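Spelled out, the chains give:
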Amino acid sequence: MQRIGVFVCWCGSNIAGTVDVQAVSEALKSEPGVVFSANYQYMCSQAGQNMIIEAVKKHKLTGIVVCSCSPRMHEATFRKTAAAAGLNPYMVEIANIREQCSWVHKDMATGTEKAIILGKAAIAKVNLNTPLTPGESPVTKRALVIGGGIAGIQTALDIADAGFEVDIVEKKPTIGGKMAQLDKTFPTLDCAACILTPKMVDVAQNDKIRIFSYSEVTEVKGFVGNFDVKIKKKARFVNESLCTGCGACTEKCPMKKVPNEFNLGMDNRRAIYIPFAQAVPKVATIDPDYCNMLKNGKCGVCAKVCTAGAIDYTQKDEFIEEKYGAIVVATGFNPISMDKFDEFAYNQSKDVITSLEFERLTNAAGPTAGKLLRPSDGKHPHTIVFVQCVGSRCDSCAEKGKEYCSKICCMYTAKHAMLTRDKYPDTDVYVFYIDVRTPGKSFDEFYRRAVEEYGVHYIKGMVGKVSPEGDKLKVQASDLLNNKQLHIDADLVVLAAAIEPDKSARPLATMLTASMDTNDFFTEAHPKLRPVESPTAGVFLSGTCQGPKDIPETVSQASAAAAKVIGLLAKDKLTGNPCIASSDELMCNGCSSCERVCAYGAITYVDKEFRMPDRTTAIRRVAQVNPAVCQGCGACTVACPSGAMDLRGFASNQIIAEVDAICK
Amino acid sequence: MNKANENLREEIIRMSGVNPKKCMRCGKCSATCPAFDEMEYHPHQFVNMVESGDIEPLLNSDSLYKCLSCFACIERCPRSVEPAKLVEAVRLSVIRRQGENHLTANDIPALIDDEMPQQAIVSAFRKYTK
Ligand SMILES: Cc1cc2nc3c(=O)[nH]c(=O)nc-3n(C[C@H](O)[C@H](O)[C@H](O)COP(=O)(O)OP(=O)(O)OC[C@H]3O[C@@H](n4cnc5c(N)ncnc54)[C@H](O)[C@@H]3O)c2cc1C
Ligand code: SF4
Ligand code: SF4
Ligand code: SF4
Ligand code: SF4
């Protein structure tokens, strides 16, 4: 039998104003197991806590019930008090007689009656409590960042800066992401390369950071502090440590007609290539789909011209296994495909382009060396139509497009329109918009400048149809404020395509058991208060993989994610929550019901040998809970049809005892 | 909104199955509409005016008969509003009034033109009769 002490708190007048605290402590005195009951003005104060400690000693208490505020507020406080008195902290129960009682009742009689009932329930539970000890697990002091865009770069730099090792896994041959493809960046119009490439170099030179480029994560096992990750380094047929990035091979390779993905297919590269001049790592890669040597065994030119002897046609994919304490997802975004948007004639005319293609067309390192020329005939366009919200803000049952606002396109369209008018004052620039959304620092001012200083024609309405006719693009659009249908003969049409998460994010989320929303953006643990953590412990989110963002927001989130990782890696050991599920192997029938409901992937199955009543042995499949992964949500205990799963600290018999006490 | 307008609005919404509140005022319907210049009220205005109960002017406008039922606006609307169904519902609420048929089956042979697609004939017949 337990020896229980009951401590009723007044919380000043917060509780005592509506609950007769004296009556409560009197009534609870005669409950089974209770040997001491008292009340005090502020139980959480030093004096109140001392009162508990003394009572534990004097009355040899084995359990404590505090009738006070919500356990969210002071459960941790009273557990520490119990520990100071030499009791196991999990022998404390809180009856919430403030939020659930005095604050919601006006009448003293009702309030007091309910407080007594809640107190009885807590006492009934403590009677069944057992001491619990939290488990500990070590922390591997190394972080993994998946994705090497500006988000991944910033997160890695910040973690390395705090003294921890970081690996970046990037699936492309170079880090940099979409920002490396941009020309100038709103709202200050600094050149993207000028602010990004120094950071890329910092990453390359930082001895705490390793870059696995042209690589992908293929397997993730383990849990917070102790992830085991398998990384596939795809064969690039060039020895990374020998290649100097001189580019001799890329000039001599005879396979010249390979669409250049960095310029979105608007020009060609060779079969052996370095994506762009400032690539990190600056190492050549052979594209096996186009290389004549790899396909037909003929050629070998690059090996002949490479003075470093770096070419290796026999290179194979390599697998690396590494341990990490924390994983950051920074897999970014892509513009959606325009294939379904026939009305804009994207697949019919080369002069209908996406905004990202426009960035390359105006970039000094792009296919036209920065001159704004029509892709079809290389002529200078005089009339340019920009269309916002292409595929954004669509109805959920529409068969194309996304339901959300892509957030960045209003601003980059204003940027494109402004820069065009600045460089080519002889062009007529139209922007068709539904709304212009500019809620950012200096953003609205930026957009107004495009209109007022640069004379961009902003027209409220949407483009309905683009038809190529001769060398013109006939644009049919509505001008809602004038209630007119406009017909514009344009030379170039630019579509602000919606953005979506990278397609590889979904399988990656499955590997990480991290949750995603219906649009495949990673979900945060709390939309306001825990925006950079995933609900899966040890997995953090950085950049546009979590939702549309511009660079300032991406970088803020990237640094925030780094801070969370540093906080985790700074610990030597992680103390677990002892209130976790465990299965009674004798009762478990291995049905997998619990595994299916566990959102955290904490449950695995093992084959175990059992002695049967007739003294034979049998092998049965039984559930096992990984204590470091289980979050104690209890979903499995409800799903288990055989009653084998139970939650420590919230066991079924404890909950039923509470209910019985309330219903008596 | 007065009671009569409200009833008419409810009737049109029920007949068409369209929820005009889904419209985000982008104007893509009117941007795509091939009959735009013929119509006094344009597809986006149908949506807006039905929503605000300002239906009287639509009832008396020949826009109801200028719409080609080409359904381009339905196809293009990013919010799945289906403006042409509203045009059709307003039209029906007019021609359902006794004796206001604008076309009878007998008139059709005289109007047929080899170039005209079957679908347009069916559409026109649906449009100008009960
Ligand atoms: C046309 C256009 C113009 C823009 N202009 C501006 C501007 O002027 N100012 C501004 O602030 N913002 C601008 N932006 C927004 C800006 O591009 C983004 O905010 C920024 O690039 C987001 O960075 P990120 O690292 O989250 O994503 P990304 O840049 O997409 O980087 C993600 C990286 O992860 C890699 N990756 C993806 N999946 C995996 C995987 N499974 N394994 C390994 N690696 C993976 C990708 O290859 C990529 O390198 C613009 C965007 C567009 C489309
Ligand atoms: S071996 Fe392949 S990559 Fe090298 S030069 Fe020949 S085609 Fe180009
Ligand atoms: S940011 Fe602007 S252009 Fe992009 S989807 Fe949102 S409203 Fe449309
Ligand atoms: S296209 Fe659809 S959403 Fe846009 S104005 Fe017309 S009805 Fe409204
Ligand atoms: S259905 Fe009628 S309103 Fe809609 S686009 Fe065609 S002609 Fe215009």
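Please read all numbers here as calculations on a predicted model, not as lab measurements.

Now for the state of the cysteines. Residue and element names in this part refer to chain A. If you walk through the whole model with that rule in mind, you get one disulfide over all chains. Each disulfide pairs two cysteine sulfurs, and for C191 the partner residue is C194, the sulfurs being separated by 2.3 Å. Across the disulfide from C191 to C194, rotation about the S-S bond amounts to roughly 95 degrees, and the bridge is consequently right-handed. The exposure class of C194 is exposed, given its relative accessible area of 51%.

Structurally, chain A comprises domain 1 (4-126), domain 2 (141-226 + 319-331 + 532-575), domain 3 (235-316), domain 4 (333-500) and domain 5 (581-648). A straight line from the C-alpha centre of domain 4 of chain A to that of domain 5 of chain A covers 57 Å.

For the rest of this paragraph, the subject is the pairing of strand β4 (residues 92-96) of chain A. If a strand is regular, its side chains alternate between the two faces of the sheet. All names here are of chain A. In terms of burial, β4 is largely enclosed, as five of its five residues are buried. Neither face of β4 is left uncovered, since the one carrying V92, I94 and N96 and the one carrying E93 and A95 both have all their residues buried. Pairing analysis gives five bridges linking strand β3 (residues 63-68) to β4, with the strands arranged parallel. Within β4, the residue paired with V66 across the bridge is I94. Chirality of the crossover, the property in question, places the unit of β3, helix α4 (residues 71-84) and β4 among those that are right-handed.

Listed per partner, the contact involves 18 residues of chain B and 21 residues of chain A. Summed over both partners, the interface of chain B with chain A buries about 1700 Å², with 48% contributed by carbon and sulfur atoms. Looking only at chain B, the three residues that lose the most surface to chain A are M24(B), K28(B) and A31(B), adding up to 28% of its buried area. As a salt-bridge pair, K22(B) and D395(A) come within 3.2 Å of each other at their nearest N and O atoms. Scanning the region where chain B abuts chain A turns up 15 residue pairs in polar contact (both at pLDDT 80 or more). Contributing elements (two or more residues each) for the side of chain B that touches chain A: α2 (28-32) and α3 (43-52) of chain B. Per-element tally for the side of chain B that touches chain A: the top contributor is α2(B), with four residues. Each residue belonging to the side of chain B that touches chain A can be placed in one class, and the counts come to six nonpolar, seven polar and five charged.

Residue and element names in this part refer to chain A. Going from F186 to P187, the amide bond is cis rather than trans, its omega being -10 degrees. Positionally, P187 belongs in the loop between β8 (184-185) and β9 (190-191). Here the amide bond leading from V280 into P281 is cis, since omega sits at 0 degrees, within 30 degrees of zero. Relative to the helices and strands, P281 resides in the loop between β15 (272-273) and β16 (285-286). One non-glycine residue with positive phi stands out, namely F237, at about 60 degrees. Owing to a relative accessible area of 11%, F237 belongs among the buried residues under this scheme. One non-glycine residue, D520, lies in the positive phi region at around 75 degrees. Mapped onto the fold, D520 is located in the loop between α15 (505-512) and β29 (539-541).

As a further point, take the site of ligand 5. Near ligand 5 you find C33(B), P34(B), A35(B), P43(B), C67(B), L68(B), S69(B), C70(B), F71(B), A72(B), C73(B) and A84(B), and these make up its full shell. A class-by-class count of the residues in the shell around ligand 5 yields eleven nonpolar, one polar and no charged.

The next thing to look at is the pattern of salt bridges. All names here are of chain A. The full count for this structure, using the stated rule, is 41 salt bridges over all chains. Salt-bridge contacts for E322 lead to R142; the nearest nitrogen and oxygen are separated by 2.7 Å. Remark: R142 occurs in strand β6 (residues 142-146) and E322 occurs in strand β17 (residues 318-324); sequence separation between them is 180 residues. The pair E322 / R142 is uniform in exposure class, with both members buried. Shared partners join several salt bridges into a network, and the residues in it are R142, E165, D167, R210 and E322.

All names here are of chain B. When pLDDT is averaged across chain B, the result is 87; 92% of the residues are at 70 or more. Here helix α9 (residues 118-128) stands out as the element of chain B with the lowest mean pLDDT, 72, in contrast to α2, whose mean of 97 is the highest. With pTM at 0.84, the complex prediction returns an ipTM value of 0.83.

Conventions and cut-offs
Residues numbered from 1 in each chain as written. Chains lettered and ligands numbered in written order. Predicted model: local features only at pLDDT ≥ 70, side-chain atom pairs only at ≥ 80, totals over all residues. Heavy atoms only, no water. Disulfide = S-S within 2.5 Å. Buried < 20%, exposed > 50% of the residue type's maximum accessible area, 1.4 Å probe, protein only. Domains from an automatic or database assignment. Helix = DSSP H or I, 4+ residues; strand = E, 2+ residues; numbered from the N terminus. Pairing = 2+ DSSP bridges. Right-handed = clockwise from strand over helix to strand, strands pointing away. Contact = heavy atoms within 4.5 Å. Buried area = accessible area lost by both parts, 1.4 Å probe. Salt bridge = Lys/Arg side-chain N within 4 Å of Asp/Glu carboxyl O. Polar contact = N/O pair within 3.5 Å; in protein donor to acceptor, adjacent residues only side chain to side chain. Nonpolar A, V, L, I, M, F, W, Y, C, P; charged D, E, K, R; others polar. Near = heavy atom within 4 Å. pLDDT = per-residue confidence, 0-100.

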